[in-house]
Amino acid sequence: MTLAVAQLNQWSLPINPINYAVSYEYCKNSIPLLTANIKHLLLSGKPLDGFFMEQLYKDYLLNQSQFRTEIISDLSTLLAEVQDNCQQSSLDAQDFIEQIDNCIPALMSNNKNEFKQAISSLHQATLTFKKQQQALVEQIE
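Draft legend 1. View of the packing of helix 1 (residues 2–11) against helix 2 (residues 17–28). At their nearest, the axes of helix 1 and helix 2 sit 8 Å apart, and the two run at 110° to each other. With respect to helix 2, the element helix 1 is oriented roughly perpendicular. Here Leu3, Ala4, Val5, Gln7, Leu8 and Trp11 of helix 1 lie close against helix 2, whose contacting residues are Asn19, Tyr20, Ser23, Tyr24, Tyr26 and Cys27. Among the residues making up the contact of helix 1 with helix 2, the classes are represented as nine nonpolar, three polar and no charged.

If you want it as structure tokens, here you go:
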């Protein structure tokens, strides 16, 4: 941060948000094209001015900021979807447990028809639950 301010003083530019942002990136040398443009202008013997700094800001930093905003927005949407699916998965697990609980008396019964019906019901509930969990795993991946 100190280097960015010192660089602005060396260029005889006021310290404002745009100039500071450009100077900071120049000192970090994190955007090679921005650095190259500044060096090219300086080598030509022309001084840097507010218009040039503003253009660099628009060309290299403002677009980058918009890109970051878009990424954050996309991640926020994705996290909301994952949260919704996790909540649905929790409800599905509760339903599965209820079906197991409902089938326990029939499984303990001596009536073969009730027993077979309970096994069939549990088998179907298991398949449905596995399918729902697989969909959640795929979405998370």
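Draft legend 2. Region of the structure containing the nonpolar core. Grouped together as the largest cluster of nonpolar side chains are 15 residues, with contacts concentrated most on Trp11, Val22, Leu34, Ile38, Leu48, Met53 and Leu56. Contributing elements (two or more residues each) for this core: helix 1, helix 2, helix 3 (32–43) and helix 4 (50–108). Considering each element in turn, this core owes the most residues, four residues, to helix 4. Each residue touching leucine 48, except ones within four places of it in the same chain, is listed here: Trp11, Leu13, Ile38, Leu41, Leu42 and Met53.

Draft legend 3. Representation of the pattern of salt bridges within the structure. For the structure on display, the rule yields one salt bridge. The closest approach of N and O atoms between lysine 58 and glutamate 54, which form a salt bridge, is 3.4 Å. On the criterion of helical spacing, the pair formed by lysine 58 and glutamate 54 is a turn pair, its members being four residues apart in helix 4. Using a relative accessible area of 32% as the deciding quantity, one classes glutamate 54 as partly exposed.

Draft legend 4. Expanded view of unusual backbone geometry. Within the chain, serine 12 stands out as a residue other than glycine whose phi angle is a positive 60°. Topologically, serine 12 is positioned in the loop between helix 1 and helix 2. With a phi close to 55°, asparagine 29 is a non-glycine residue in the positive phi region. With respect to the helices and strands, asparagine 29 occurs in the loop between helix 2 and helix 3. For asparagine 29, a relative accessible area of 46% translates into the label partly exposed.

Draft legend 5. View of the side chain of asparagine 19. Structurally, the position occupied by asparagine 19 is in helix 2. Residue classification places asparagine 19 among the buried positions, given a relative accessible area of 3%. For asparagine 19, the contacting residues outside a window of four places in its chain are Leu8, Leu13, Pro14 and Met53.

Draft legend 6. Local environment of helix 1. Considered for burial, the residues of helix 1 that qualify are Ala4, Gln7, Leu8 and Trp11. Across the axial projection of helix 1, the buried residues extend over an arc of 100°, all falling on one side. Among the exposed residues of helix 1, those pointing more than 90 degrees away from its buried face are Thr2 and Gln10. The positive-phi residue at the C-terminal boundary of helix 1 is serine 12, with phi of around 60°.

Thresholds, definitions, all that
- Residues numbered from 1 in each chain as written.
- Predicted model: local features only at pLDDT ≥ 70, side-chain atom pairs only at ≥ 80, totals over all residues.
- Heavy atoms only, no water.
- Axes fitted to C-alpha atoms, helices over the stretch in contact; angles between N-to-C directions.
- Helix = DSSP H or I, 4+ residues; strand = E, 2+ residues; numbered from the N terminus.
- Parallel < 35°, antiparallel > 145°, perpendicular 65-115°, else oblique.
- Contact = heavy atoms within 4.5 Å.
- Nonpolar A, V, L, I, M, F, W, Y, C, P; charged D, E, K, R; others polar.
- Core = buried A, V, L, I, M, F, W, Y, C linked by side-chain atoms within 4.5 Å.
- Buried < 20%, exposed > 50% of the residue type's maximum accessible area, 1.4 Å probe, protein only.
- Salt bridge = Lys/Arg side-chain N within 4 Å of Asp/Glu carboxyl O.
- Arc of directions from axis to C-beta.

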